[in-house]
There are 2 protein chains.
Amino acid sequence: MDMPQLRLVDSKTSVTKEKILDAAEGLFMEHGFEATGLRQITAEAGVNLAAVNYHFGSKEELFQAVLTRRLDPMNQERLALLDRLETDARDQPLTCEAIIGAMIIPALTLARDKARGGKNFLRLTGRAYADPAPFIRQFLSHQYAPMIARFKAAFGRTLPHLPARELSWRLHFLMGALSYTLAGTDVLKLISELNPVATDNDELLLRRLGPFLVAGLQAPLADLSELSELSAKPKAGRRGVRPA
Amino acid sequence: MDMPQLRLVDSKTSVTKEKILDAAEGLFMEHGFEATGLRQITAEAGVNLAAVNYHFGSKEELFQAVLTRRLDPMNQERLALLDRLETDARDQPLTCEAIIGAMIIPALTLARDKARGGKNFLRLTGRAYADPAPFIRQFLSHQYAPMIARFKAAFGRTLPHLPARELSWRLHFLMGALSYTLAGTDVLKLISELNPVATDNDELLLRRLGPFLVAGLQAPLADLSELSELSAKPKAGRRGVRPA
DNA sequence: AAAGGATTCAAACAAACGTTTGAATGTTTC
DNA sequence: GAAACATTCAAACGTTTGTTTGAATCCTTT
């Protein structure tokens, strides 16, 4: 039988390949990229050491594969949500809440789905955002550029009074608070020592982040005229900190 | 020549010690802790390899020394500023702007002072905030705990209507946006491709961050009653988010 | 069954890692 | 001047790093 080429090799996604991805995801999340060894990964995955270079080529390419596996679908989900909001609203501009929701909800969904890495994976991406390694920065730019451009345009329509440059800044702050929150470091404990927050409830977390970001985006413009006063070196403090 | 040597060894800091600190500061900032080798550091500092372990004990202790050199004075400055504001205001509660200013201004001053590392150093600390390495987390907690506690109390007096737990969250978001902004990764370019921001003007940067954070802190409380709607896997939403 | 490609495996690779050593040099104190 | 301490230096320590190799094994196709 001249069966058409259904027997494909690419869609195979061999078992070892995913075992490596799973193990690498957890270890990269916990110790970071540089501090995680290939031997730890392959040991936890139960595969041979050489399997990484065979299936992925290098450690860096493995790291990118770990990220794309989850990030790509999530960003597509974000764009799909935004698309739907815009077509539903016709010409009317969207609310800030709605747009931010389109950014947050896919992340929330991912955080809940333990089969897709859960919040551990989000911590990994939050960490990657602060990594200066060129291959990471380049990868993230290429991965996020289209999504962020679309959302920036959406915010621009919703906040027409805001100069483009100001919007760029505020989006930067927004991404900071978001990725930092998703990274979920233990600075949290540092802030609220006596009333520890339930870190397992990511829904509440993002639900509280929303209003914070909305208010920040809608904040009145800064008055840049009289800024030299505060920034001046404080004159002789009378009751200062004891230099013991 | 009986000229008394002018106490060249200011037993506090030898020349090589500071050369190492300077070189390490730059390299840690650029490549991160794990990715920076002691041989790079000592080569750039022009000192012997063993000098690091002789003067600092280990690589980890060197890293902590790099951080404390700048961070300690900055946090003391923050506390001194807050102290002065509170004594000036007597019993009156401070404004959000003022408290945030006390956090931001010392960072701004440090960013301007190139002799103290400038903004490069701030990028290093922003990076350290996202690092999961236990010794880094422990060090930062110990270093920041008193300062954050004081500022949290100040915010609590200014925003009495805000539940303590909510305030903890918002402080977390605030620290996220702040440290992320200070880290100053190139995601900035990603957001504003066509209107690149002048990254050298840190004063304007932090001046714009202020209103964003003030508005976020003063945001109305989240309505936590009907939160299952948005987060739920696409069902039927009222207006806005509607699943396909 | 034989061939051929895909995958696994143990072993080794060179390079880099942080740290230690012991002698050589510099500096201060008696 | 000599003893005592502080610092520098070259060299090597034992691991660990990411990557490569070549043969063994599995699986599909002829």
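Calculation notes
- Residues numbered from 1 in each chain as written.
- Chains lettered and ligands numbered in written order.
- Predicted model: local features only at pLDDT ≥ 70, side-chain atom pairs only at ≥ 80, totals over all residues.
- Heavy atoms only, no water.
- Near = heavy atom within 4 Å.
- Polar contact = N/O pair within 3.5 Å; in protein donor to acceptor, adjacent residues only side chain to side chain.
- Helix = DSSP H or I, 4+ residues; strand = E, 2+ residues; numbered from the N terminus.
- Nonpolar A, V, L, I, M, F, W, Y, C, P; charged D, E, K, R; others polar.
- Buried < 20%, exposed > 50% of the residue type's maximum accessible area, 1.4 Å probe, protein only.
- Patch = residues over 30% accessible without salt bridge, like charges linked within 9 Å, V, L, I, M, F, W, Y side chains within 5 Å.
- Areas by Shrake-Rupley, 256 points an atom, 1.4 Å probe, with all protein chains shown as cover.
- Salt bridge = Lys/Arg side-chain N within 4 Å of Asp/Glu carboxyl O.
- Lys, Arg positive; Asp, Glu negative; His and termini not counted.
- Charge placed at Lys NZ, Arg CZ, Asp CG, Glu CD.
- Core = buried A, V, L, I, M, F, W, Y, C linked by side-chain atoms within 4.5 Å.
- Contact = heavy atoms within 4.5 Å.
- Domains from an automatic or database assignment.
- Buried area = accessible area lost by both parts, 1.4 Å probe.

## Topic: the protein's contact with DNA strand C
(1) Moving on: Within the structure, DNA strand C sits among 18 residues, and A:Thr16, A:His55, B:Leu38, B:Arg39 and B:Lys59 are positioned closest to it.
(2) Moving on: Each atom of DNA strand C within 4 Å of the protein was classed as base or backbone; sugar and phosphate made up 46%.
(3) Moving on: Separating a phosphate oxygen of DNA strand C from a side-chain N or O atom of B:Lys59 is a distance of 2.7 Å.
(4) Moving on: When residues of the surface near DNA strand C are traced back to their parent elements, those giving at least two are helix H3 (51–55) of chain A together with helix H2 (38–45) of chain B.
(5) Moving on: The element contributing the most residues to the surface near DNA strand C is H2(B), with 3 residues.
(6) Moving on: Each residue belonging to the surface near DNA strand C can be placed in one class, and the counts come to 6 nonpolar, 9 polar and 3 charged.

## Side note on unusual backbone geometry
Residue and element names in this part refer to chain A.
(1) Moving on: Phi at Arg90 takes a positive value of approximately 55 degrees, unusual for a residue other than glycine.
(2) Moving on: Tracing the backbone shows Arg90 in the loop between helix H4 (59–88) and helix H5 (96–112).
(3) Moving on: Assessed through its relative accessible area of 70%, Arg90 is described here as exposed.

## Some thoughts on a negative patch on the surface
(1) Moving on: Taken together, the side chains of A:Glu34, A:Glu60, A:Glu61, B:Glu34, B:Glu60 and B:Glu61 present a region of like negative charge at the surface.
(2) Moving on: Among the secondary structure elements, those contributing two or more residues to the negative patch are H4 of chain A together with helix H4 (59–88) of chain B.
(3) Moving on: By the element assignment, B:Glu60 lies in helix H4.

## Some words on the nonpolar core
(1) Moving on: Within the largest apolar cluster, 139 residues are counted, with the highest numbers of intra-cluster contacts made by A:Leu62, A:Phe155, B:Leu62 and B:Phe155.
(2) Moving on: For this core, the element with the most residues is H5(A), which contributes 11 residues.
(3) Moving on: Apart from residues lying up to four places away in sequence, A:Leu62 is in contact with A:Ile20, A:Leu21, A:Ala24, A:Phe28, A:Leu38, A:Ile41, A:Val52 and A:Phe56.

## Here we look at the domain arrangement of chain A
Residue and element names in this part refer to chain A.
(1) Moving on: Each assigned domain of chain A is listed here: domain 1 (1–57) and domain 2 (64–220).
(2) Moving on: Taken together, the contacts link 11 residues of domain 1 with 12 residues of domain 2.
(3) Moving on: Both faces considered, domain 1 and domain 2 share a buried interface measuring about 980 Å² in area, 65% of it formed by carbon and sulfur atoms.
(4) Moving on: Among the residues of domain 1 in contact with domain 2, Leu21, Glu25 and Met29 are the three that bury the most area, contributing 61% of the side total.
(5) Moving on: Across the domain 1-domain 2 interface, the total number found is 3 salt bridges.
(6) Moving on: Measuring nitrogen to oxygen at the nearest pair gives 2.8 Å for the salt bridge that ties Glu25 to Arg70.
(7) Moving on: At the junction of domain 1 and domain 2, the tally comes to 3 residue pairs in polar contact (both at pLDDT 80 or more).

## Topic: the environment of B:Ile136
Residue and element names in this part refer to chain B.
(1) Moving on: Mapped onto the fold, Ile136 is located in helix H7 (residues 134–158).
(2) Moving on: On a C-alpha basis, the gap between Ile136 and Asp88 in space is 36 Å, while along the polypeptide they are 48 residues apart.
(3) Moving on: Setting aside chain neighbours within four positions, we find Ile136 in contact with Phe63, Ala128 and Asp131.

## Brief notes about the protein's contact with DNA strand D
(1) Moving on: Near DNA strand D you find 16 residues, and of these A:Arg39, A:Lys59, B:Thr16, B:Tyr54 and B:His55 are the closest.
(2) Moving on: Protein-proximal atoms of DNA strand D, defined as those within 4 Å of the protein, fall in sugar or phosphate at a share of 44%.
(3) Moving on: In this structure, a phosphate oxygen belonging to DNA strand D sits 2.9 Å away from a main-chain N or O atom of A:Leu38.
(4) Moving on: B:His55 places a polar side-chain atom, nitrogen or oxygen, 2.8 Å from a phosphate oxygen of DNA strand D.
(5) Moving on: Of all the elements in the fold, those that place two or more residues in the surface near DNA strand D are helix H2 (38–45) of chain A together with helix H3 (51–55) of chain B.

## Things to note about the pattern of salt bridges
(1) Moving on: Scanning the entire structure with this criterion turns up 16 salt bridges over all chains.
(2) Moving on: Ionic pairing is found between B:Glu166 and A:Arg208, a salt bridge with its closest N-O pair at 2.4 Å. Of this pair, B:Glu166 sits in helix H8 (residues 164–183) while A:Arg208 sits in helix H10 (residues 202–217), placing the two residues on different chains. Note on accessibility: B:Glu166 and A:Arg208 belong to one class, buried.
(3) Moving on: Taking the shortest distance from any N to any O, the salt bridge between B:Glu86 and B:Arg157 comes out at 2.8 Å. Taken together, the positions of B:Glu86 in helix H4 and B:Arg157 in helix H7 put the pair 71 residues apart, joining distant regions of the chain.
(4) Moving on: Each member of the salt-bridge network shares a partner with another, and the members are A:Asp22, A:Glu25, A:Arg69 and A:Arg70.

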